[in-house]
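So the chains spell out like this:
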Amino acid sequence: MISEKQLRIKRLFDLTLVVMLLPLLLLPIIVLIVAASIDTKNFGVFTQLRVGQNGKLFKIYKIRTLKDGVHRLGHLEKSATPLGKYLRKTKLDELPQLFNVLKGDMSFVGPRPDIQGFADMLEGKDQIILKVKPGITGEATIKYRDEELVLERQNDPEDYNRTIIWVDKVKINRNYVENYSFYLDLRLILKSL
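What you see is a predicted model; the values in this text were computed from it and never measured.

Caption draft 1: Spotlight on helix α1 (residues 4-40). For α1, built from 37 residues, the straight-helix expectation of 54 Å at 1.5 Å per residue is missed by more than 12%, its first-to-last C-alpha distance being only 43 Å. When the local axis directions of α1 are compared, the greatest deviation, roughly 50 degrees, occurs at Leu25, which is followed within four positions by the proline Pro28.

Caption draft 2: Representation of the packing of α1 against helix α8 (residues 182-192) in the model. Remark: α1 packs on α8, axes separated minimally by 11 Å, with the N-to-C direction vectors making an angle of 35 degrees. Classified by chirality, the crossing of α8 by α1 is right-handed. Mapping the contact onto sequence places Lys10, Phe13 and Leu17 in α1 and Phe182, Asp185, Leu186 and Ile189 in α8. The class makeup of the residues in the contact of α1 with α8 is five nonpolar, no polar and two charged.

Caption draft 3: View of unusual backbone geometry. Backbone geometry places Lys41, a non-glycine residue, at a positive phi of 60 degrees. Checked against the element boundaries, Lys41 lands in the loop between α1 and β1 (45-51). The residue Asn54 is not glycine, and still its phi comes out positive at about 60 degrees. Relative to the helices and strands, Asn54 is located in the loop between β1 and β2 (57-63). Residue classification places Asn54 among the exposed positions, given a relative accessible area of 63%.

Caption draft 4: Seen up close, the environment of Glu123. Relative to the helices and strands, Glu123 resides in the loop between β3 (107-109) and β4 (135-137). Here Glu123 falls in the exposed class, since its relative accessible area comes to 63%. For the pair formed by Glu123 and Val101, sequence separation is 22 residues and the distance between their alpha carbons is 26 Å.

Conventions used here
Residues numbered from 1 in each chain as written. Predicted model: local features only at pLDDT ≥ 70, side-chain atom pairs only at ≥ 80, totals over all residues. Heavy atoms only, no water. Helix = DSSP H or I, 4+ residues; strand = E, 2+ residues; numbered from the N terminus. Expected span 1.5 Å × (residues − 1). Bend = angle between axes of the 7 residues up to and from the residue. Axes fitted to C-alpha atoms, helices over the stretch in contact; angles between N-to-C directions. Left-handed = near helix turned anticlockwise from the far one by under 90°. Contact = heavy atoms within 4.5 Å. Nonpolar A, V, L, I, M, F, W, Y, C, P; charged D, E, K, R; others polar. Buried < 20%, exposed > 50% of the residue type's maximum accessible area, 1.4 Å probe, protein only.

What follows is the structure in structure tokens.
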């Protein structure tokens, strides 16, 4: 299981990497925000409350990709603008999460941060997942890279997400925390690229 010392080393690594990457990626992030603002006719940064380490809520940052309106799981692709579809497919919409890493809300690697009603409802041994900061990438993120396409094909995307995908993600994320190593994080970052 991940120790306090490993958590401190993980945070130091996150800070070092984000300080190296932000100067290189700041201009592209600004360009994407401006492009998304024009494309969606709204401010190009999307924020939403997510469940973080120890169940604490935080505001996640993403490039806005969806048109105005009500958005339902399994139908997000239909709500995305043409630019938004590209950003979602390439995961470039997640670049602003570098600021979440800088602030200490997130890590480069860990379970993806969920909306309320999922991670905050974990019970028993599964609560170990909340010991780590949520990540930009992780084993479950890589496995479910095309999650939206899978959900689109379901008759009841909400139920499929809650009973099949979420259950599998909990197993994957619990295994990550229980068997954590710094080298695992490095391997997952490389695999994500």
